[in-house]
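Observations on the three-dimensional arrangement
Chain by chain, the residues:
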Amino acid sequence: MVRLSSKTLNAKDLTWGEDRAVSRSGAPWGSRAGRRSERTTVSLYVEHKPTGVRVAGIVPSGHYSKRELGDLTQQLADRLCKALERSIARHSRSPSR
């Protein structure tokens, strides 16, 4: 799970979602080609429950070690928190609200 890096957002107000996909290419199913033929993609979203504002992003498909994928996922989560803060600020300034 990702760590919340924002000081202004309350973790209780957020809903996180993650989807991981692993695809194999160039090797028939059941072969012992190993991880070198697997490509992993991660998509994350975070939603602010009080406002309903939601932002999403992906870690591009690639060959990653567990540590690399964890680091990239955390970096994406940090970017999403900043984007969510900006979106909430825009949402709260909106004259239609």
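Predicted, not measured: the structure shown is a model, and the values here were computed from it.

**Details of the pattern of salt bridges**
The tally for this structure, following the rule as stated, stands at one salt bridge. Between E18 and R20 there is a salt bridge, with its nearest N and O atoms 2.5 Å apart. The exposure class assigned to R20 is partly exposed, which follows from its relative accessible area of 44%.

**Some points on the nonpolar core**
Judged by nonpolar contacts, the single largest core of 16 residues is most densely connected at V46, V55, V59, L80 and L84. Those elements that provide at least two residues to this core are β2 (38-48), β3 (53-62) and α1 (66-93). Counting residues per element, this core draws most heavily on α1, at seven residues. When neighbours within four sequence positions are excluded, L84 is seen to be in contact with L9, L14, V46, H48, V53 and V55.

**Some remarks on the sheet that holds β3**
Taken in spatial order, the three strands of this open sheet run β1-β2-β3, and their pairing is antiparallel. Among the strands making up the open sheet, the edge pair consists of β1 (14-24) and β3. With direction set aside, neighbouring strand axes in the sheet form an average angle of 10°. Two strands pair when backbone bridges link them, and β2 and β3 are joined in this way by eight bridges, in the antiparallel orientation. In the strand pairing of β3, E47 is matched with R54. Helix-sheet contacts for α1 involve β1, β2 and β3, and the interaxial angle to β3 is about 155°.

**Remarks on the environment of N10**
Inspection of the secondary structure assignment puts N10 in the segment before β1. Taking C-alpha positions, N10 is 9.2 Å from H48, a pair spaced 38 residues apart along the chain.

The rules we used
Residues numbered from 1 in each chain as written. Predicted model: local features only at pLDDT ≥ 70, side-chain atom pairs only at ≥ 80, totals over all residues. Heavy atoms only, no water. Salt bridge = Lys/Arg side-chain N within 4 Å of Asp/Glu carboxyl O. Buried < 20%, exposed > 50% of the residue type's maximum accessible area, 1.4 Å probe, protein only. Core = buried A, V, L, I, M, F, W, Y, C linked by side-chain atoms within 4.5 Å. Helix = DSSP H or I, 4+ residues; strand = E, 2+ residues; numbered from the N terminus. Contact = heavy atoms within 4.5 Å. Pairing = 2+ DSSP bridges. Axes fitted to C-alpha atoms, helices over the stretch in contact; angles between N-to-C directions.

Remember, this is a structural readout, not a statement about activity or role.
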